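What follows is each chain in one-letter form.
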Amino acid sequence: MRSFYRPISFFWLFGFWAHEANAFSTYIPGRQGHAAFLLGKRVSRSHAIFSTTLESPIIKESNVRGNLDHDNNNKNGKQKIVLVAGFESFNREQYLQAAAALGDQVELQVFADSDIRLDLSVIQQQERLHQSNNEVSASNNKVDPLVDNTINPIFREAVLQADVFVGSLLFDYDDVQAVLRLLPAVKGPRLLFECATELMEFNQVGSFNMKPSSDGSAPGPPPAIKAILSKFGSGKEEDKLAGYIKLLKVGPDLLKFVPGDKAADLRTWLECYRFWNQGGQRNVQSMLQLLAKRSELDRSMQHDEGSFVKAVLDKLPPVQVTPDVGLIHPVRYRDQSTRTTSPFFDSPASYMAWRTSPAAIESAQRQGFKLADVKTAPIVAVLLYRKHVITEQKYILDLLTMMEEQGIVPVPVFINGVEAHTIVRDWLTSAEEMRQVATGKIKRAGTHDATKAVKVDAIVNTIGFPLVGGPAGSMQAGRDTAVAEELLSAMNVPYFVAGPLLLQSIPVWKDKGVLGLNSVVLYGLPELDGAIDTVVLGGLVGDKIALVPERVRKLTSRIKSWVELRKTPPKDRRVAISVYGFPPNVGAVGTAALLDVPHSLDRLLRQMAKQGYDLGNYVNDPDASGESIIAALSVLSEPAVIALGADRMGEALQRKIARAQAGDETVNAALALPGAGLGGGEVVAKDVSSDELEKTIGKYMYKKVRRAWSEKERGPGVSRNGDSVVAGIQIGNVFIFVQPLLGVEGDPMRLLFERDLTPHPQYIATYANLQKRPESAFPSDAIIHFGMHGTAEWLPGQPLGNDKKSWSDELIGALPNLYVYAANNPSESILAKRRGYGTLISHSVPPYGRAGLYQDLALLRELTSEYRENAASGGMEKNSIELCQTIYDTANRCGMLNDVPLWAYHDDKSNAITTTELPDTLSSEAFGSWVSELSTYLSVLQERLFSSGLHVFGGVPSDDALDSYLEAFYGDKFSSEQRQNVISQWKKQPKDTEKNPFAQFFEFFSDLFAPKDQDKVKTEEEKMQEEAMSIVSLLGRSYEEVDSLLNGLGGGYILPKPGGDLLRDGPAVLPTGRNIHALDPYRMPSAGAWLRGQKAAQEIIRQHREANNGKYPETVAVSLWGLDAIKTRGESVAIVLALVGAKPVKEGTGRIVRYDLIPLEELGRPRVDVLASLSGIFRDSFANVVDLLDDMFERAASADEPESMNFIKKHSNELIADGTSERTAARLFSNPPGDFGSMVNEVVGTGDWEDDESLGETWRGRNVYSYGRNERGGDVAGTARPEVLDKLLATTERIVQEVDSVEYGLSDIQEYYANTGALKKAAENRKEVDAATGKRKKVSLSVIEAFGNGGDDNVSVRDVEEVLRLEYRSKLLNPKWRDAMLAQGSGGAYEVSQRMTAMIGWAATAQVDNFVFDQAAERYALDEDVAKQLQRSNPEAFKNVVRRLLEAAGRGMWSTNEDTLGKLRELYAEADDIVEQGSSPATVARAR
């Protein structure tokens, strides 16, 4: 029987309804009918309970212990029923009214899940304040229910005195555990509806229960009933849950014909469930009455089951039935003339027949209801939650009314939740689906009913969750997601998810954004199916669900824009394309991480022309190129050109073109081509006055702009006349522009870090002039953000769940936003998707290369090989002193002695040789051992991977590139011959299906889930061969990147795919051209991540103890970033747990619900304190993990353990002793709520910083905010706790940072030094000064490179300086990497430039060896050919390269000779002149 009942709970359980209970409002009816609202708080010990009698609802004060004698409880004859309403607070009043109607039969006490437990954060803090180190705190795991102080005593007393217990929709782990402790005391019926699996086992009515039998078999209904189970449903795996729901509705009727007590008891349970599920006051009243009668029977001395069946079960009032699925419309529902008929429709076809009828129009006119024009308006399927329809939640009709008013014809289908996919499959069709069926490309399911189906332009799901299975649909994510993708891609219409927050009030959302489980329901889970443009439509007001009309208008405007794309012919579609130019003055215009923007842009434009888009003369011009477009945009971005104003910008560009064509080498050569290589493109520019901007964005938003940007400080992009200048290049119907900078010179990222700021006027004017308004410079049908990444999604506003005041919401407006993004960054792309309404189109990463050895490193390999060969063939005497000295000198010149020290004595690691000459006392044994270690290091360095060049969007990899991917993925496990064989086989395969990516996709999943031949066991080599073929085939489909983007521009559906790392995840992240998403946050850490995290923590502790005479670290700081957490499935979280000595705990579905402390006797060492440094993305995307970690730290701080074995408790108590009274166990720190970044990289980028210590203090000032469920009861998103952070920094002895990919190493991007490096400096700032050295003690930084597919055993922990040297040798200093970047033109030059800036950041926060600066100068500045190529490709980038070298010398980071500095100064002066040529006021004047 258990297999039957599990799906009952899974209906909601699979949806991970582990919500924060404090998001509910607790409704307490007063004695005179008044109501009190306890918003966001768990009830305290003195709160009242509800009790409903015949007279009226009353409030009864209850003592803590209560009377547990059930015989004494019922002297008044009433059956005491306790009902806990979990995720259905809106039904609370209905339950009370139903009980009141039953008079003397029932005394009902109703609790919310937020009433079950007390908020212990304050209690724990008080206990710690008053206890000494030797006092003992009670353990929550070893308490009797009667004395457990975590359970609300009022709730405890009510349950212990109850005759009947009913619980619905309960899933929070701690709530479930509390209820589990009390349920055994309830001797009467216990009914748990759609709750956690653990609770479902406590269902019991008489002889029927859901507990497993002692023999292992599951109890349940008779065999005849079991046989019937298989008859419900379509037979499809994805339809089983819907079949179970059908069975539950008819089960009681079937059981009438089955004799026996057990059947009667099961029937009682099913009758109650049916009444509850159907809802409505009369049904609830029948349920309560049935439970009261059943309780009386259980208590009766003359227990007569037969009489109960005849007298009660057979005479139950009929269930008031609402269809399981149906359609609703406000006009029909409110029409008094149709009261004799059902207000619902039984199919979309019958609904649309009514909706288009004269009767509907007449009824609407009679009611004053505005209907959309069916002939022109988009027809949109709207999926509604049935429970809300049958309980007449007002927002349902309000939503449909507003959609009609805004010009959308809704097709509103209500469902239980599990049938959403069946509606799409069986009741809906689209123009695209009909076309594919007609041409035989797809075949409809047998369940599709053409007589009931209607054609729709879009689908809106207001319930959230996955499409297949709804709240129950996430346990088989691979299979269910594939089904959803098949259905939605066949429809090929936009799939939106938008709904009100059911666990959060509107004020809390407006204040803190979408929190906790709401984010999973509306964002995380639907995104797995490819949902786009999620809009929060409202939330709770008290216990009621209310809409925010402005948000409904936002949804309808975006729906209409997407549908309009499909209806507009390609030749008439106007498309805006945004490229980037940040940071300023370093050659960043037209660059994006890992993407060759100029060549990618050219490829896209040519493909658009083939699809019928108007590209003017671009494709017919043989000289037209993306490089020329970017060069022209660079000119338009120059401050001096902008200062001229819109009317003069075209003239300024023509002057530059003329100079380039005249041979002026200071101008980008791409402009020297005929027609400047622009393919007929022209400058489009507009001056936007303050008055026009105010008119465009409205008075309210404009006032905010004026407060932030005065007339004297209007920001960049302003002409001399004071107008904001909007400019770009228009080619046919395509407008290409550079996204405006965010801030002002000297503080270019200012906007990101002050929440009250706004975008500057020119930023706003640019996006405003893309909206479809008559006055816009380029009214667009859609926008493409080209590459990773822009800034619109980072603007001030809600962290999650945009509202009207969110600037990304305001600026993107109704524009469909197609966002080209690297497939290996599922972290930052979440912001683009959620805050910027970005429909993501993933692109592949560049090919990989092996570092190899070069110059002195190659020489060193030859010398060490000669030495070892001599030693092997003739003994050590063959190795001359000259050879040894040469090896030593070469190694020293390469900086190798830091990585492989030469010890004076073989068995003594305390005395390294640092002299110029080898000492005579050095033994041949010691030198030979060193040479062996040196050879090993060179082998490691030689095999290091790097990204070779940049990716061209939509470009299929060459054979060499495919080989590089396979070689990087498999290493030496797959030979070169095998790789070439796979590539050759793939090339021979027919490619006729390549034009239909959907067909290949579904074929892939059909193969994946098809039954396998169990008799054939494949060898590991065969498996590897198949996997390699899959990788090559999927990489070979990267042309789908452009195809998907064009499908999106046509208003189509983009297939989803998890973002991730090819080296780690292999085929799982391919093909590209997909709408990428992140992982399920309730599975963090995964099993593999947990194993690796434990090993990493053990190694970190081992290394620390080895370097500190066996002493354990008291505090370790761990960086928790969204990017590495997603790609490694939570390894960094696992490291935190392992250091503390905790482990993840899963409930029945595999969802992680708690991090439990491992007993000290099992741990075998002290608990290490952890300062968790959260990135803003981790903080906002993994709120559930933040809450679980916070709960773990609170419990650790109050654990009954000695301080010597629990450093968390030790530091917490020390803070209390120093006078800190609040949240001394706070350990999760990040930026202010809604803000992102440390600002350190911005300071380093501008050069506006004094000394190393100031960078640490900049980090500290930006990361002083503590997060977690215990921050004032969860009422605030973050609280500044400088005293706690300072304590943790002062005790931090080691820092841990994971590096998740080859593409984003420590030296490749600014964020690592700006966050982790600056954190290191902040900790060092709080160390005491060593009297011997006069310097503060260094804090170690351990780096874990977590990329690759080396398995669980491949966990390497290195010091930051060692990793930096490895990276610099394999990338920046490597001629192979350099030449690959130089070949990319301006984009490659910029990549070199930004790494030079990052090198300054690391030199300031950690240490960069002198040889790195030496060789960087040689490779990029002092090499005349390279310098010329850089300067020609990107003058600003070259200028920044030289500037950083001079800055390093000036700050004492690099020691070099005066001759070198003199050459660099000359180069900088020349570079500065070249950059200023044509941009200075004098040159601009000449342009007049």
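Nothing here was measured: the structure is a model prediction, and the numbers come from that model.

## A few points about the overall build of the protein
Inference 1: Within the protein one finds 60 helices and 42 strands.
Inference 2: Across the 1488 residues that make up the protein, the buried fraction comes to 64%.
Inference 3: Within the protein, contacts between residues at least 6 apart in sequence are counted, and of these 77% link residues at least 24 apart.
Inference 4: As displayed, the protein offers around 52900 Å² of accessible surface, 50% of which is attributable to carbon and sulfur atoms.

## Remarks on the nonpolar core
Inference 1: Counting 245 residues, the largest nonpolar core has Leu 605 and Phe 786 as its most contacted members.
Inference 2: If you tally residues by element for this core, the top one is helix α10 (residues 261-278), at nine residues.
Inference 3: When residues no more than four places from it in sequence are discounted, the contact partners of Phe 786 are Ile 577, Ser 578, Val 579, Tyr 580, Ala 592, Leu 595, Val 597, Ser 600, Leu 601, Leu 604, Val 820 and Phe 953.
Inference 4: The next biggest cluster of nonpolar side chains, apart from the first, holds 142 residues, and it includes Leu 594, Leu 883, Ala 891 and Leu 938.

## What about the side chain of Ser 827?
Inference 1: Within the secondary structure, Ser 827 sits in the loop between β25 (817-822) and α32 (828-834).
Inference 2: Of note is the side chain of Ser 827, whose polar atom sits 3.1 Å from the backbone nitrogen of Leu 1123.
Inference 3: Those residues in contact with Ser 827 that sit more than four places away from it in its chain are Gly 1122, Leu 1123, Ile 1126 and Ile 1177.

## Examining the sheet that holds strand β40 (residues 1292-1299)
Backbone hydrogen bonds hold the strands of a sheet together, and the pairing may be parallel or antiparallel.
Inference 1: Spatially, β39-β38-β37-β36-β33-β40-β41-β42 is the arrangement adopted by the eight strands of the open sheet, whose pairing is mixed. Strands at the two margins of the open sheet, each flanked by one partner only, are β39 (1279-1280) and β42 (1357-1359).
Inference 2: As defined by bridge partners, strand β33 (residues 1115-1120) adjoins β40 across four bridges and the pair is classed as parallel. Among the inter-strand pairings, Thr 1115 is bridged to a residue of β40, identified as Thr 1292.
Inference 3: Relative to the sheet, helix α44 (residues 1131-1140) contacts β33, β36 (1169-1174), β40 and β41 (1340-1345), its axis offset from that of β33 by approximately 165 degrees.
Inference 4: The sheet contacts of helix α53 (residues 1360-1370) involve β41 and β42, and relative to β42 the element is tilted by about 90 degrees.

## Looking at the packing of aromatic side chains
Inference 1: Scanning the entire structure with this criterion turns up 28 aromatic pairs.
Inference 2: Between Phe 345 and Tyr 351, the ring centres sit 5.4 Å apart and the planes meet at 85 degrees, which makes this aromatic pair edge-to-face. The same class applies to Phe 345 and to Tyr 351, which are both buried.
Inference 3: An aromatic cluster is defined as three or more aromatic residues linked by ring pairs; in this entry it consists of Phe 193, Phe 208, Trp 269, Tyr 273 and Trp 276.
Inference 4: The ring of Trp 509 has Lys 510 lying over it, and the distance from NZ or CZ to the ring centre is 4.9 Å.
Inference 5: The residue whose ring lies beneath Arg 1451 is Trp 1249, and the NZ or CZ to ring-centre distance is 3.6 Å.

## Some thoughts on a negative patch on the surface
Inference 1: Side chains of Glu 1466, Glu 1470, Asp 1473 and Glu 1476 sit close together on the surface and give a patch of like negative charge.
Inference 2: Summarising the element assignment, Asp 1473 is placed in helix α59 (residues 1458-1476).

## Regarding the sheet that holds strand β24 (residues 782-786)
Inference 1: An order of β21-β22-β23-β20-β24-β25-β26 is seen for the seven strands of this open sheet, with the pairing classed as mixed. Each having just a single partner strand, β21 (682-688) and β26 (838-843) make up the two edges of the open sheet. Strand-to-strand, the axes of this sheet are offset by a mean angle of 25 degrees, without reference to chain direction.
Inference 2: Looking at chain direction, β21 and strand β22 (residues 724-731) are connected through seven bridges and run antiparallel. Bridge pairing in β22 links Ala 685 to Ala 727.

## What about helix α17 (residues 394-405)?
Inference 1: Between its first and last C-alpha, α17 extends 17 Å over 12 residues, near the 16 Å set by a 1.5 Å rise per residue.
Inference 2: Taken across its 12 residues, α17 has nine buried, putting it largely inside the fold.
Inference 3: All of the buried residues along α17 are Tyr 395, Ile 396, Leu 397, Leu 399, Leu 400, Thr 401, Met 402, Met 403 and Glu 404.
Inference 4: A positive phi of about 90 degrees marks Gly 407, the residue just after α17.

## Thoughts on helix α6 (residues 173-182)
Inference 1: Most of α6 is tucked away, with eight of its 10 residues classed as buried.
Inference 2: Considered for burial, the residues of α6 that qualify are Tyr 173, Asp 174, Asp 175, Val 176, Ala 178, Val 179, Leu 180 and Leu 182.

## Notes on the pattern of salt bridges
Inference 1: A full pass over the atoms with the stated rule returns 79 salt bridges.
Inference 2: With its nearest N and O atoms 3.0 Å apart, the salt bridge here joins Arg 606 to Asp 602. Residue Arg 606 and its partner Asp 602 are located together in helix α24 (residues 597-610), separated by four residues, close to a single helical turn.
Inference 3: When its relative accessible area of 24% is taken as the criterion, Arg 606 is described as partly exposed.
Inference 4: Look at Asp 602 and you get buried, because its relative accessible area is 17%.
Inference 5: The salt bridge involving Arg 1092 is made with Glu 1131; its shortest N-O contact spans 2.5 Å. Taken together, the positions of Arg 1092 in helix α42 (residues 1087-1107) and Glu 1131 in helix α44 put the pair 39 residues apart, joining distant regions of the chain.
Inference 6: The class for Glu 1131 is buried, based on a relative accessible area of 2%.

## Side note on the environment of Asn 870
Inference 1: Relative to the helices and strands, Asn 870 is located in helix α33 (residues 855-874).
Inference 2: In sequence terms Asn 870 and Ser 880 are 10 residues apart; their C-alpha atoms lie 9.9 Å from each other.

## Regarding the packing of α42 against α44
Inference 1: Look at α42 against α44: their axes get within 7 Å of each other, and the N-to-C directions meet at 55 degrees. When the interaxial angle is binned, α42 and α44 end up oblique. Note that α42 runs across α44; the crossing there is right-handed. Between α42, through Ala 1089, Trp 1090, Arg 1092, Gly 1093, Gln 1094, Ala 1096, Ala 1097, Ile 1100 and Ile 1101, and α44, the contact on the second element is made entirely by Glu 1131, Ala 1134, Ile 1135, Leu 1137, Ala 1138 and Leu 1139.
Inference 2: When its residues are assigned to classes, the contact of α42 with α44 shows 11 nonpolar, two polar and two charged.

## A short note on the pairing of strand β8 (residues 190-193)
Inference 1: On β8, burial covers both faces: Arg 190 and Leu 192 on one face and Leu 191 and Phe 193 on the other are all buried.
Inference 2: Pairing of strand β7 (residues 164-168) with β8, which is carried by four bridges, proceeds in the parallel orientation. Bridge assignment links Ser 168 to a residue of β8, and that residue is Phe 193.
Inference 3: In this region the chain leaves β7, passes through α6 and returns to the parallel neighbour β8; the handedness of that crossover is right-handed.

## A word on the confidence of the model for the protein
Inference 1: In this model, the protein carries an average pLDDT of 84, and 84% of its residues clear a pLDDT of 70 or more.
Inference 2: Of all the helices and strands in the protein, strand β2 (residues 35-39) carries the lowest mean pLDDT, 26, while strand β16 (residues 458-461) carries the highest, 98.
Inference 3: Across residues 218-226 the pLDDT falls below 50, and counting only partners more than four positions away or on other chains, this stretch makes 23 contacts in the model.
Inference 4: Long-range and interchain partners of residues 1478-1488, a stretch whose pLDDT sits below 50, account for 22 contacts in this model, where long-range means more than four residues apart.

Rules of the game
- Residues numbered from 1 in each chain as written.
- Predicted model: local features only at pLDDT ≥ 70, side-chain atom pairs only at ≥ 80, totals over all residues.
- Heavy atoms only, no water.
- Helix = DSSP H or I, 4+ residues; strand = E, 2+ residues; numbered from the N terminus.
- Buried < 20%, exposed > 50% of the residue type's maximum accessible area, 1.4 Å probe, protein only.
- Contact = heavy atoms within 4.5 Å.
- Areas by Shrake-Rupley, 256 points an atom, 1.4 Å probe, with all protein chains shown as cover.
- Core = buried A, V, L, I, M, F, W, Y, C linked by side-chain atoms within 4.5 Å.
- Polar contact = N/O pair within 3.5 Å; in protein donor to acceptor, adjacent residues only side chain to side chain.
- Pairing = 2+ DSSP bridges.
- Axes fitted to C-alpha atoms, helices over the stretch in contact; angles between N-to-C directions.
- Phe/Tyr/Trp six-rings, centres within 6.5 Å; stacked < 30°, edge-to-face > 60°.
- Lys NZ or Arg CZ within 6 Å of the ring centre and 35° of its normal.
- Patch = residues over 30% accessible without salt bridge, like charges linked within 9 Å, V, L, I, M, F, W, Y side chains within 5 Å.
- Salt bridge = Lys/Arg side-chain N within 4 Å of Asp/Glu carboxyl O.
- Lys, Arg positive; Asp, Glu negative; His and termini not counted.
- Charge placed at Lys NZ, Arg CZ, Asp CG, Glu CD.
- Expected span 1.5 Å × (residues − 1).
- Parallel < 35°, antiparallel > 145°, perpendicular 65-115°, else oblique.
- Left-handed = near helix turned anticlockwise from the far one by under 90°.
- Nonpolar A, V, L, I, M, F, W, Y, C, P; charged D, E, K, R; others polar.
- Right-handed = clockwise from strand over helix to strand, strands pointing away.
- pLDDT = per-residue confidence, 0-100.

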